[in-house]
Structures are given as C-alpha cells and as structure tokens.
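Single-letter residue listing:
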Amino acid sequence: MPSDSQVSRALTDIIVRVVDCEPSAVVPHARLRDLGVDSLALVEIAEGAAQQLGRPVPDARLDAVVTVQDLADAVSDDAPAPATSGTTFAVPPLLDPSLPPEEVKQRKRKAVSYAAGFVGVGLVIGVVGGFGLAAVGKVMGLGSQDVPKASPTTAAPTTPAPTPTQTPSPTAPVQDEPQPELSITPRQVSAGERMTLSGRLPTADDNAVLQVQTKDGDGGWTDFPVTVQVSDDEGSFSTQIYTTRTGQRQIRLLDRDSRTATPVATVTVG
C-alpha cells in the first residue's frame, strides 16, 4: 500500500499534467474545481492514479471528491465510502483503467462528441415539439383565455364647460360725410404762371357752378374772373387759373346756391 507522501506526490504530478496548473497550488485543502478539474479531468486523474499507484478509485468515492485531500483519501482508501440509502445500483466504470492513455483520451473525446450530439438532438426535438404543441393548442382554442370584461365604471360628473361669450365682430365704422377740400398746385408760382385748383364741395348740387374768389391781406373776398362746374355727386372740381398780382393771396370756391364755400388755400405769387 503506498504511503501518504507517495500518494500526495503522485496526485500532484498527475493533476499538474492533466490541467496544467502550478504544482504549488496543489495543496490538500485546494478545491479541484478551482484548479481547473472538471468531471472528465477527474476521471483522467483517477485513472492515472490507478495506473501509477495501483489503487483504482471506486465511482461512488469519486463522486464525493471535492478537494485534493478528498482525492488522496479516495486513492488511499483511508476514508469510508459515503453511505447510500435505498436501492443501490452497480455503476460500471466509465473506462477500463488498464487501457493505454491514448486510447483513454480517444474514448473520452468520443464520449464528449456523443453527449454533445444527444444534447443537440434533444434541443431540436424540444423546439419542434414546443411549436407543435403551441399550434395544436391554438387550433383547439386552448391557447386563448376569455378575458373577463371590465365592469362598467360610472363616469365622474363633469362640470359643463362655460359657453364662451362671443365677442361681436367690430362693425365697419360709419364713414364720415365727405368734407370740403381745396388744394393749389403748386403753392408758389411766378406772376402769370398757371396753378391748378382742385377739391370738392359736397354741399353743392350736381352740375353746380362754383365761383373762384380771392382775398388779399385784410381785404374782403372778391370774385375772380373764373368759374368751374362740379363733376359728380360729391361736388368734385378742377380748374386752372393764373394771376399777375404778386404776394400772398387767399383763394376759395363759393357755391352761391347753397351759400357754402371750400376751405381757404394760400398761394405765393412772385
């Protein structure tokens, strides 16, 4: 039977070779999972220990291994195998310990590929079966549930919105009555130069004749030897006059019938 030190050295060499970890990390309390040992690597380590030490590890003991010390105890068989309750089944060893290492590795790779294939097939079957069950359920009406109708809720009383007060649209302003107008163009002329008198006298009747009057200084109004006839209902008129008297002269047009006159306009002559 190998000693504890032989078992420890052998396991350290085998673990370092299988998972390529640092030898200093292989201590009794180290967890095999932390060293990078998975289930397949654990089987390979157990097979290496069986070949090197002549101490095969029972599968029941191998399943309970967690730390390096647990593996050493399983190899040296110092610790009793964990008790199991109920019916036990003999589990055949996964690999024959007497097989060469290369044959063992090949069988492991095949086992992994088979397992992956079974997993892939299982996934495909699961997906297809799920879609099939969903389709059947939809056809048979199993996938839908009657949604309970919501009980009618009483709407909260609302205060009627105030009726907007319509602002009356502004009415068009009443146009003022036309006012009398008189303009002189130009307002400054040379002696004997013509000037235009234009404007309106609304109070004059249609076709009324307006008298041109002038005023000089503080004197009174005198008739100018020119009259003009209004051209429309608003009393519009237009005429031309000239004068040789220089200075400022005030001019207006008078309707003798209505006794009204236009505003006074001033012209500078000379």
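Just above, that's the structure.
Remember, predicted model here, so these are calculated numbers, not experimental data.

A. Here's a closer look at unusual backbone geometry. The linkage connecting Thr-185 with the following residue, Pro-186, adopts the cis geometry, with an omega of -10 degrees. Its place among the elements puts Pro-186 in the loop between strand S1 (181–185) and strand S2 (188–189). Residues other than glycine seldom take positive phi values, yet Asp-20 does so here, at roughly 55 degrees. Positive phi, normally seen in glycine, also occurs at Asn-207, with a value near 70 degrees. Along the chain, Asn-207 falls in the loop between strand S3 (195–200) and strand S4 (209–215).

B. Looking closely at a negative patch on the surface. On the surface, a cluster of negative charge is made up of Asp-205, Asp-206, Asp-233 and Asp-257. Of note, Asp-206 is situated in the loop between S3 and S4.

C. Highlighting the pairing of strand S7 (residues 247–255). Both S4 and S7 contribute to a ladder of five bridges, which runs antiparallel. Following the sheet pairing, Gln-211 is matched in S7 by Leu-254. Judged from the five bridges that link them, S7 and strand S9 (residues 265–269) form a sheet pairing that is antiparallel. The residue of S9 that forms the bridge with Arg-249 is Val-267. With two bridges connecting them, S7 and strand S8 (residues 260–261) associate as antiparallel partners. Within the sheet, the bridge partner assigned to Asp-255 lies in S8 and is Thr-260. Between S7 and S8, which pair antiparallel in sequence order, lie four residues; one of them, Arg-259, sits at a positive phi of approximately 60 degrees.

D. Region of interest: the environment of Pro-263. Tracing the backbone through its elements, the reader meets Pro-263 in the loop between S8 and S9. Pro-263 sits in the partly exposed class, given a relative accessible area of 36%. Distance in space between the C-alpha atoms of Pro-263 and Glu-181 is 6.1 Å, their sequence separation being 82 residues. The residues contacting Pro-263, other than those within four sequence positions of it, are Pro-180, Glu-181, Leu-182, Ile-251 and Arg-252.

E. Structural detail: the pattern of salt bridges. Taken as a whole, this structure holds six salt bridges when the rule is applied. For the salt bridge of Glu-234 with Arg-200, the shortest nitrogen-to-oxygen distance reads 3.3 Å. Here Arg-200 lies in strand S3 and Glu-234 lies in the loop between strand S5 (222–229) and strand S6 (236–241), a separation of 34 residues in the sequence. Asp-216 is paired through a salt bridge with Arg-245; the nearest N and O atoms lie 2.6 Å apart.

F. Just helix H2 (residues 39–53), in detail. For H2, spanning 15 residues, the distance from its first C-alpha to its last is 21 Å, which sits close to the expected 21 Å at 1.5 Å a residue. Counting buried residues in H2 gives 11 out of 15 residues, a clear majority hidden from the surface. Inspection of H2 places Ala-41, Leu-42, Val-43, Glu-44, Ile-45, Ala-46, Glu-47, Gly-48, Ala-49, Ala-50 and Leu-53 among the buried residues, and these make up the whole buried set. Positive backbone phi, at 70 degrees, marks Gly-54, one or two positions downstream of H2.

G. How the structure looks around the packing of helix H1 (residues 4–19) against helix H4 (residues 68–76). In the contact formed by H1 and H4, the axes pass within 10 Å of each other and the chain directions differ by 120 degrees. With respect to H4, the axis of H1 lies oblique. For H1 against H4, the interelement crossing comes out right-handed. Residues Val-7, Leu-11 and Ile-15 of H1 form the contact with H4, whose own contacting residues are Leu-71, Ala-72 and Val-75.

Conventions adopted
- Throughout, a residue's number is its position along its own chain's written sequence, starting from 1.
- With pLDDT at 70 or above as the cut-off, local features in this predicted model cover only qualifying residues; side-chain atom pairs require 80 or more to be listed or tallied, and sums for whole chains, interfaces and linings still use all residues.
- Here the side-chain values reflect all heavy atoms present in the structure, with hydrogen atoms and water set aside.
- What counts as a helix is a DSSP run of H or I of at least four residues, what counts as a strand is a run of E of at least two, and both are numbered from the N terminus.
- The patches reported here contain residues having more than 30% relative accessible area and no salt bridge. Joining distances are 9 Å for like charges and 5 Å for nonpolar side chains (Val, Leu, Ile, Met, Phe, Trp, Tyr).
- Note on areas: Shrake-Rupley, 1.4 Å probe, and residue coverage restricted to the protein chains presented here.
- Any carboxyl oxygen of Asp or Glu within 4 Å of a side-chain nitrogen of Lys or Arg constitutes a salt bridge here.
- In this tally, Asp and Glu contribute negative charge and Lys and Arg positive charge; neither His nor the terminal groups of the chain are included.
- Note that the charge is assigned to NZ on lysines, CZ on arginines, CG on aspartates and CD on glutamates.
- The rule for pairing is simple: two strands pair if DSSP sees at least two bridges between them.
- Buried, partly exposed and exposed residues are distinguished by accessible area as a fraction of the type maximum, computed with a 1.4 Å probe on protein chains only: under 20%, between the cut-offs, and over 50%, respectively.
- Contacts are assigned to residue pairs with any non-hydrogen atoms lying within 4.5 Å of each other.
- Here the expected span of a helix is defined as 1.5 Å times the quantity of residues minus one.
- Axes here refer to lines fitted to C-alpha atoms; in helices the fit is confined to the stretch in contact. Angles between the N-to-C directions go from 0 to 180 degrees.
- Any angle between 65 and 115 degrees counts as roughly perpendicular, while under 35 counts as roughly parallel, over 145 as roughly antiparallel, and the rest as oblique.
- Crossing handedness follows the turn of the near helix against the far one: under a right angle anticlockwise gives a left-handed crossing, and clockwise gives a right-handed one.

Everything listed here is a matter of coordinates, which is why it stays silent on function.
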